[in-house]
Structure formats: C-alpha cells, structure tokens
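Coordinates in review
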Amino acid sequence: MPHAITVLEQLVAFDTTSSESNLALIEYVEGYLAELGVSAERVMSPCGTKANLIARVGPDAPGGVMLSGHTDVVPVAGQPWSSDPFTLRDGGDGRLYGRGTCDMKGFIACVLAMVPKWVEAPLQQPIYLGFSYDEEIGCVGAPSLIKRFYEHYSTTAHVIVGEPTSMQPVVAQKGATNLRTTVIGREAHSSQVNQGTSAIHVAARLVTFIEDTMAALVEEGRVDEAFNVPHTSLHVGKINGGTAINIMARECQFEWEIRHLPTDTFDEIYARFKAYCEQLSVELQAKGKHVDITTEPLNVTVPGLADRDNDQVLRLAKDHLPAACCNHAVAYATEAGQFQGQGLQTIILGPGSIAQAHQPDEYIDIEQLKACEDFLAKMGKALEKHACVG
Ligand SMILES: [Zn+2]
C-alpha cells in the first residue's frame, strides 16, 4: 500500500488536465515499467502532443486481462480547493486529496504498484495495461488504443475499466453525445414580426421538442430500472441568442446532450430531432418565413456499455471481490462501451466513488486503494492458470 501511495503522489503531480499534454506522465510510467523490465508502446494522438500507452506483463498468451485507465483529469479552474490540487495531501482522515486521486489516477497507481509482483509471478496469462488520453473530453483517445490493442496484442483479453465504482462491478453504462444546434432566422424590427423569423422562438420550440422527446421515450416504455435515471435523458445545458429586445433574433445557438440507454441508439433518437427540424422549416416556409437549422456533434458518440457478453470477466471480478456484490449500472460515460464495441468482454470496476470525481478537494479513501490492491493481487493469482479460451 505505501508503494501505491508513492506512485499516486507522482501521478497527481503531473498536471494532465485534458487541455494539457500528458507526455510527461507517460514518460514517467514508461520509466517506471522499464526499471521492471516491462516495455511499453505509445499510441500517439494525431497532433503528437499526447499519447496512449500499452504494456504487457506476463506471457504473450491467450486470455488475460486488460486494465484500462485514462490519464487525463478535469480542470481545477474556478473550484475552491483547500490545497494545491496537484500535490497529494494526506488529510489524516483516511483520505488522500488531489486532482485525479479518485478519477482515476488512484486505480492507475494501484495497477503500477502491483507490477513488481506480477513480473515475479508465474503468470500463464498476460496482464495488459492500457492508459489513454482525452477521456474527459469525450473518450477521444481510447479508440486508437483499442484498435492497436485488438490488432497487435489480444482479441481474447477481458477488460476492466478502473473508473471509480467503489470497487463494485458495473456492467452497464449510458452512451453520450454532445451537440450544438445553430438556428439562423431573419432579423427585423420587433414591431414588424411579420417581416422576420426569430431564431430564438424557433430554438425555443426545438428545446421544448428535446424535452418532449425524453418524455415520449418513457411513454414508449423504453425504461431500464437498473439505471438511476431509468431512461435516456436529453438535456439542453447552454443557450445563447439575440441582440436586443426590439430586434427579432437572427441567430440562436444551444448546446445539448443525449445520454442514451445502451438499448437505445443515438442515431434513432437524433433522427427524431432531425425530422422535427425539417417539419418546422417546412411549416415556417409555408408562412413565408425562412429558417436554417444546423446541428454539429461536439464529440464522437461515446457508446453505452450493455449488460451482455460479460460472464467471464464478471466471474473473474466477483470471485476475487470480498462481499457478494450485485451488478450495477451507471449514467456517466466511460471507455467501457468502446472496448465492448471491439468485441471484448468488459466491465467497469475501480476504487473511489464517482461522487468525489470532478469535485474540488477530490479525494480517495485509502481503504479503497487497499481494496483495489487486494483485488488486483487475487486476480493476478488467478492468471497463474492457463486461459480457457474458445
Ligand atoms: Zn474518469
């Protein structure tokens, strides 16, 4: 345990906010692994300022486990921290404070702290490490890591994404897409409402439609009680438009999101919105008004994680976790659905609570780190047996 904390101290000290490069941290991890005789491969971002890292401990053999974590953290700007967020602080209350302690450098630290043991162990199945960049801005880095991993390392490893789940296995997760819609109408003096088309009024109808769509999905019975919000949620988080009270607005722009159940698809829900946009345009056209509505995605769609094809990885987890635990579903997006999309058995399981993620004075309970290390140690033991693949 002291070793994991020492590693965590190092990891937290790198400011890997998604807007910054993560290369210094990657270099540290490469150096750490190299000292243990483990080589690692970088999968660079398109512009070369960031990297994913893949490493294998143990034999080049079928089966095994991929332990996946993202190296980036969310910004600290504007948050009231009690101490430097990039200096790990032991609060003396059983908690370690610092940006990323919980989401998710704590997990990475536990994994790295186990590597010296795994290097010595007679592993018959490999343990892969996969550390990504830009998770926090829409799971941008993972696709290239996953592709490289699947094509050059393993098609049979099971994946554990170590996001904070309080060491409970999570088998389902919603997908997420962020969008920006721009409405262009025609400006006119507000006393002459027959002359123009208010982009604000049109946008308001679209916003209402978005909320109504959410209600319609529930009406249609598209509900999964495993989730805390048991249906696909649609939400407009930002809106901006107009210039003055007496001018019909030429432009209005809003940003919104679709967090869909793994059983719903982004395409289908978005198609409803598109159809309504067209209907509205035609309706206005008939009244001699013109409007232009465009929508752009702000990230690639992060796929959901569905509770399927996970029996082996779930067994591996449950066999080595202390209490009998049930399967959970979460509403936040992770890279797990991307791994599952590649055909790999995937669950989410990691130390710390999501309640502390992204918060000022983010912390992780030392007990959680211990629980994670304990799990990883037992899991490693299980990999001293050959895989039963096929
Ligand atoms: Zn995270």
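Figured I'd write up the structure that's included with this text. (Residues numbered from 1 in each chain as written. Predicted model: local features only at pLDDT ≥ 70, side-chain atom pairs only at ≥ 80, totals over all residues. Heavy atoms only, no water.)

This next bit is on the sheet that holds strand β11 (residues 251–260). Read across the open sheet, the four strands follow the order β10-β11-β9-β12; overall the sheet is antiparallel. Here the strands that pair on one side only, and so sit at the sheet edges, are β10 (233–241) and β12 (292–297). Recorded for the sheet is a direction-independent mean angle of 20 degrees between the axes of neighbouring strands. Sheet topology note: the β10/β11 ladder contains eight bridges and is antiparallel. By the bridge assignment for β11, H235 is matched with E257. (Pairing = 2+ DSSP bridges. Helix = DSSP H or I, 4+ residues; strand = E, 2+ residues; numbered from the N terminus. Axes fitted to C-alpha atoms, helices over the stretch in contact; angles between N-to-C directions.)

The coordination sphere of the zinc ion, as far as protein atoms go, consists of H70 (NE2), D103 (OD), E163 (OE) and E163 (OE), spread over 1.9 to 2.6 Å. Classification of the site at the zinc ion as irregular follows from its four donor atoms and the range of 54 to 138 degrees in their angles at the metal. The exposure class assigned to E163 is buried, which follows from its relative accessible area of 3%. (Donors = N, O, S within 2.8 Å, 3.2 Å for Na, K, Ca; no water. Tetrahedral: all angles 85-135°; square planar, octahedral: opposite > 155°, others 65-115°. Buried < 20%, exposed > 50% of the residue type's maximum accessible area, 1.4 Å probe, protein only.)

Next up on the list: the sheet that holds strand β4 (residues 89–90). Picture the strands of a sheet paired through backbone hydrogen bonds; they go either parallel or antiparallel. Strand order in this open sheet of three strands is β4-β5-β15, and the pairing throughout is antiparallel. The open sheet is flanked by β4 and β15 (363–365), the only strands paired with a single partner. Across two bridges, β4 lies against strand β5 (residues 95–97) in antiparallel orientation. From the neighbouring strand, R89 faces β5, where its bridge partner is Y97. Relative to β15, helix α3 (residues 101–120) is tilted by about 55 degrees, and along the sheet it contacts β5 and β15. Against the sheet, helix α9 (residues 366–382) touches β4, β5 and β15, its axis set at about 60 degrees to β15. (Contact = heavy atoms within 4.5 Å.)

Nonpolar side chains in soluble globular proteins tend to end up buried together. Within the largest apolar cluster, 55 residues are counted, with the highest numbers of intra-cluster contacts made by L67, W118, L376 and M379. When residues of this core are assigned to their parent elements, the largest contribution, ten residues, is made by α3. Ignoring anything within four residues of it in the chain, the contact list for M379 reads V65, L67, W118, I127, I160, L316 and H320. Counting residues in hydrophobic clusters, the runner-up holds 26 residues, among them M214, L217, L234 and I258. (Core = buried A, V, L, I, M, F, W, Y, C linked by side-chain atoms within 4.5 Å.)

Glancing now at the packing of α3 against α9. Viewed as axis vectors pointing N to C, α3 and α9 meet at an angle of 40 degrees, and their least axial separation amounts to 10 Å. As summarised for this structure, α3 and α9 are arranged oblique, according to the angle between their axes. Once α3 is placed against α9, the crossing between them reads as right-handed. Counting all contacts with α3, which are made through G106, F107, C110, V111, A113, M114 and W118, the residues of α9 involved are L369, C372, E373, L376, A377, M379 and G380. For the contact of α3 with α9, the per-class residue count stands at eleven nonpolar, two polar and one charged. (Parallel < 35°, antiparallel > 145°, perpendicular 65-115°, else oblique. Left-handed = near helix turned anticlockwise from the far one by under 90°. Nonpolar A, V, L, I, M, F, W, Y, C, P; charged D, E, K, R; others polar.)

Along the polypeptide, H260 turns up in strand β11. At 3.1 Å, the side chain of H260 forms a polar contact with the backbone oxygen of D264. If near-sequence neighbours (up to four positions away) are discounted, H260 is found in contact with K174, G175, A176, T232, T265, F266, I269, T301, V302 and G304. (Polar contact = N/O pair within 3.5 Å; in protein donor to acceptor, adjacent residues only side chain to side chain.)

Let us look at the packing of aromatic side chains. Scanning the entire structure with this criterion turns up ten aromatic pairs. Ring geometry for Y28 versus Y32: centroids 6.3 Å apart, planes at 45 degrees, classification tilted. Of this pair, Y28 and Y32 are both found in helix α2 (residues 23–35), four residues apart, which corresponds to roughly one turn of the helix. Exposure remark for Y32: the relative accessible area of 13% places this residue in the buried category. One aromatic cluster in this structure is built from W256, F266, Y270 and F273. Across from the ring centre of Y97, 4.5 Å away, lies the NZ or CZ of R89, which sits over that ring. (Phe/Tyr/Trp six-rings, centres within 6.5 Å; stacked < 30°, edge-to-face > 60°. Lys NZ or Arg CZ within 6 Å of the ring centre and 35° of its normal.)

Looking now at the packing of α2 against α3. Here α2 crosses α3 at 20 degrees, and the two axes come no closer than 10 Å. Relative to α3, the element α2 lies roughly parallel. For the pair α2 and α3, the contacting residues are L25, V29, Y32 and L33 in the first and K105, L112, A113, V115 and P116 in the second. Its residues placed into classes, the contact of α2 with α3 shows eight nonpolar, no polar and one charged.

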